[in-house]
Amino acid sequence: MPDAGTEARKKLSSQGLDCHGSYVDAAFCRNLGLVDYAGQQKLHGTRIAIAGLGGVGGVHLMTLARTGIGAFNLADMDSFSVVNVNRQFGATLDSFGRPKLDVMVELARSVNPCICFKTFPDGISDANLDDFLKGVDIVVDGIDFFAFDIRRRLFKRAHDLGIPVITAGPLGFSTAVLVFMPDGMGFDEYFDINDTLPEMHRYLHFAMGLAPRATHLAYLDRQFVNIHEKRGPSLHLACQLCAAMAATEVVRIVLGKGRVRAVPCYAQFDPYAREFRKGRLLMGNRNPLQRLKIAVAKKLFLGGGGREGLVVPPVPSLVQRGEPVPANAVEYVMRAGMQAPSGDNVQPWRFLPFDGGIDVALHTEADHSFFNYDQIASLVACGAAVENMRLAAAATGLGPTVTLVPQPAEQSSHPVVARVEFSPDGQEREDVLHSAMWRRCTNRNMFGAKPLPHEVCDRLSGMVAQAKSGFDDIRLHWVTGKSERKALARAIFLADRIRVERRDLHEYFMSMVRFEKPSQKYGDGLPLKNLCAGLAGEQFLKLVRPWTAMRIANMAGVGRLMPMHSALGIMRSGGAGLLTIGKVDMPSILQGGQAIERVWIMLEHMGFAFQPMTAITLFRLREMLEGDGAFSELHRGFMKEAWGIVSALFPEANGRIPLMLFRTGRGPRLRYGTYRRELHTLMLQR
Ligand SMILES: Cc1cc2nc3c(=O)[nH]c(=O)nc-3n(C[C@H](O)[C@H](O)[C@H](O)COP(=O)(O)O)c2cc1C
């Protein structure tokens, strides 16, 4: 069987060309005038090592191939997927699921079939570093920003072996380029890295050293940069700039064209900011001014550490078609389920794994609150857990199928409400929602009041609509205007007054607030700090913890501070959404829970914070299903006024079942999250 190279050369010869000069002469003839003939031959005789063929690495390869480089050592162990499309050269519909290395070699070979490749499909490691660098003239860095340690080792080894290394980082709309020459500063020296430097600080040192006078920070939305979660934005146009700048340095080094400005010299080119900044960072990151900047950047990007309580388990490897489902994949899916939201974080789900899937049971004893009428709130939570499990299973190749209420609900304290069955197919799906799923949280901070763009509302409403979602009858309605939010704030205020004026609700809420630290020892409930009440608010909550104190506060009028805070939350948001279902039965409520979770996660992905405001909808549900007998005369009046406002604001929702009202908007990052119980306490034996 001839290899792809032989095939390509055959194609060449059918056109009267060969790899002994004629193809290179013809293909690169338009380089003449900028690169002379001897120089072009030199480039053809140059071997470049590129580790990583994603965003920058792939474009590096193609740019260098078109510049006429004749040999490459390439390493990558990843495959293309849909989320690579925005920036990775080789990511196309046809390449999804294919190894980046194979795709990129094919593409580069289709540009120049005379290129000689040495490939490293397992990526680079200490074990093959020397082999990877053998015969190499220059290393061009294509390694993922967060794969810091292997980058550090590669740079060090190349430096030891006397090989220049070029790195170019796509930062915003810009590129920042550094060249490490064998006789100049090394990686550790320039970036001021040592073995004791904490991991997060290493990333920051790297970013700050790349662009010491950063242009992109002026327009970068910091909310989308999270060093703890190892994510940040990246544009193809910036990757292209990187490749252009790096290839220019390659030509400069190979042809000896002009002086190479190695580190501590730096350069950043930003067409968006219309800036080209270059200079010399004497002593690298140890430069006193640079140290100061790094200290500020630490505050901005690492301030307060990651979210307290957030634990993201490692994603298991994709499960291939026909393979048995490994225990770690089953555990991963259950952990995704338990990360779902639930009223007051009661976690009313239980998991029963079986061969080929997991049953989700409702723990009917989990939530005795007035809010949880007929288990509706708990069923919503179970629906959300099922959605998380579906996402996690889809992302790990388990090909999940969800059946809601798989058998008639039993009269037990743990009726099975959903079944998630696996049919492994090795396909990674639902990337976007899957990664945002772990970050999803309830954010009770005040948000920006800029109205939510209609594009966002339309996308989310479309997402839960019947035709696209597979859900039977779910709708999402919005109010975003200032005057409408003001009206809604009044309705929220009234519903929240009922919440603080009822002893049962007050005592239940206080029993779920974890006043003592460390809150994780409880594994459920709401850590005080999670409520985002501020220091004064926290003191107030402590004060009114006993009902007698709350009653006095209510009599004195100060009890209204809490409903006022909730109402303010509506004003300080970009809008509110109301999710409705067509009928009240178990499958519809579970689907409603799934839909809420999908919307919530998508908003998280888009950079919007979210807080359910369910007192009003859960009270209304109780009224609709049971009558208003459970409310006092005064509170009936509150509900009449409150629901009148909601009905007027959401006329399309009339006649439908309101499942959840929420507010959303651009909010500050949540610093204190919630905790979850130990997984084994949420598992049931058959
Ligand atoms: C059915 C349901 C009702 C909820 N109601 C409220 C609410 O009225 N106010 C609120 O701040 N959070 C509400 N939450 C959010 C929970 O308190 C939250 O999901 C839980 O504490 C876990 O925290 P997390 O969402 O940050 O993971 C609700 C969640 C669910 C599923």
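Here the structure is a predicted model, which is why all the values come from computation and not from measurement. (Residues numbered from 1 in each chain as written. Predicted model: local features only at pLDDT ≥ 70, side-chain atom pairs only at ≥ 80, totals over all residues. Heavy atoms only, no water.)

### A word on unusual backbone geometry
The omega torsion across valine 263 and proline 264 is 20°, close enough to zero to call that bond cis. Backbone torsion omega between lysine 517 and proline 518 reads -5°, so that peptide bond is classified as cis.

### Thoughts on the sheet that holds strand 2 (residues 71–75)
Quick note on the threshold: A pair of strands counts as paired when DSSP detects no fewer than two bridges linking them. Secondary structure elements are taken from DSSP: a helix is a run of H or I of four residues or more, a strand is a run of E of two residues or more, and numbering for both begins at the N terminus. With axes taken as lines fitted to C-alpha atoms, and helix axes fitted only over the stretch in contact, angles between N-to-C directions fall between 0 and 180 degrees. Note on contacts: a residue pair is in contact if any heavy atoms of the two residues lie within 4.5 Å.
Ordered by their spatial adjacency, eight strands build an open sheet running 3-2-1-4-5-6-7-8, and the pairing between neighbours is mixed. One side of each edge strand has no neighbouring strand; the edge strands of this open sheet are strand 3 (116–120) and strand 8 (275–280). Ignoring which end each strand starts from, the neighbouring axes of this sheet average 15° apart. Pairing geometry for strand 6 (residues 174–180) and strand 7 (residues 265–270), over three bridges, is antiparallel. Among the inter-strand pairings, valine 177 is bridged to a residue of strand 7, identified as alanine 267. Along the sheet, helix 5 (residues 100–111) contacts strand 2 and strand 3; its crossing angle with strand 3, the most-contacted strand, is approximately 175°.

### A few points about the side chain of arginine 390
Note that arginine 390 resides in helix 13 (residues 376–395). Setting aside anything within four residues of it in sequence, one finds arginine 390 in contact with Pro400, Val402, Glu430 and Arg598.

### Topic: the site of the ligand
As a reminder, the rule being used: One heavy atom suffices: a residue is near a molecule or strand as soon as one of its heavy atoms comes within 4 Å of it. We call two N or O atoms a polar contact when they sit within 3.5 Å, provided that within protein one can donate a hydrogen and the other can accept it, with sequence-adjacent residues counted only if both atoms are side-chain atoms. Only the protein chains shown count as cover for residues, with accessible areas throughout obtained via the Shrake-Rupley method and a probe of 1.4 Å. Residue classes follow a fixed rule: Ala, Val, Leu, Ile, Met, Phe, Trp, Tyr, Cys and Pro count as nonpolar, while Asp, Glu, Lys and Arg count as charged, and any other residue, Gly among them, counts as polar.
Around the ligand there are 20 residues in total, and Arg440, Thr442, Arg444, Thr614 and Arg676 lie nearest to it. In the model, an oxygen atom of the ligand is placed 2.6 Å from a nitrogen or oxygen of the threonine 442 side chain. When the ligand sits alone it has 620 Å² of accessible area, and the protein chains cover 90% of it. Tallied by class, the residues present in the shell around the ligand amount to nine nonpolar, seven polar and four charged.

### Some points on the packing of aromatic side chains
The condition is simple: Under the pairing criterion, centres of Phe, Tyr and Trp rings, with the six-membered ring standing for Trp, must be within 6.5 Å; the plane angle then separates stacked pairs below 30 degrees from edge-to-face pairs above 60, leaving the rest tilted. A positively charged side chain is recorded as over a ring if its NZ (Lys) or CZ (Arg) lies within 6 Å of the ring centre. The angle to the ring normal must also be within 35 degrees.
The final tally for this structure, using the stated rule, is 30 aromatic pairs. In this structure an aromatic cluster arises from ring pairing among Phe145, Phe146, Phe148, Phe155, Phe180, Phe187, Tyr190, Phe191, Tyr203 and Phe206. When the ring centre of phenylalanine 447 is taken as reference, the NZ or CZ atom of arginine 663 above it lies at 3.9 Å.

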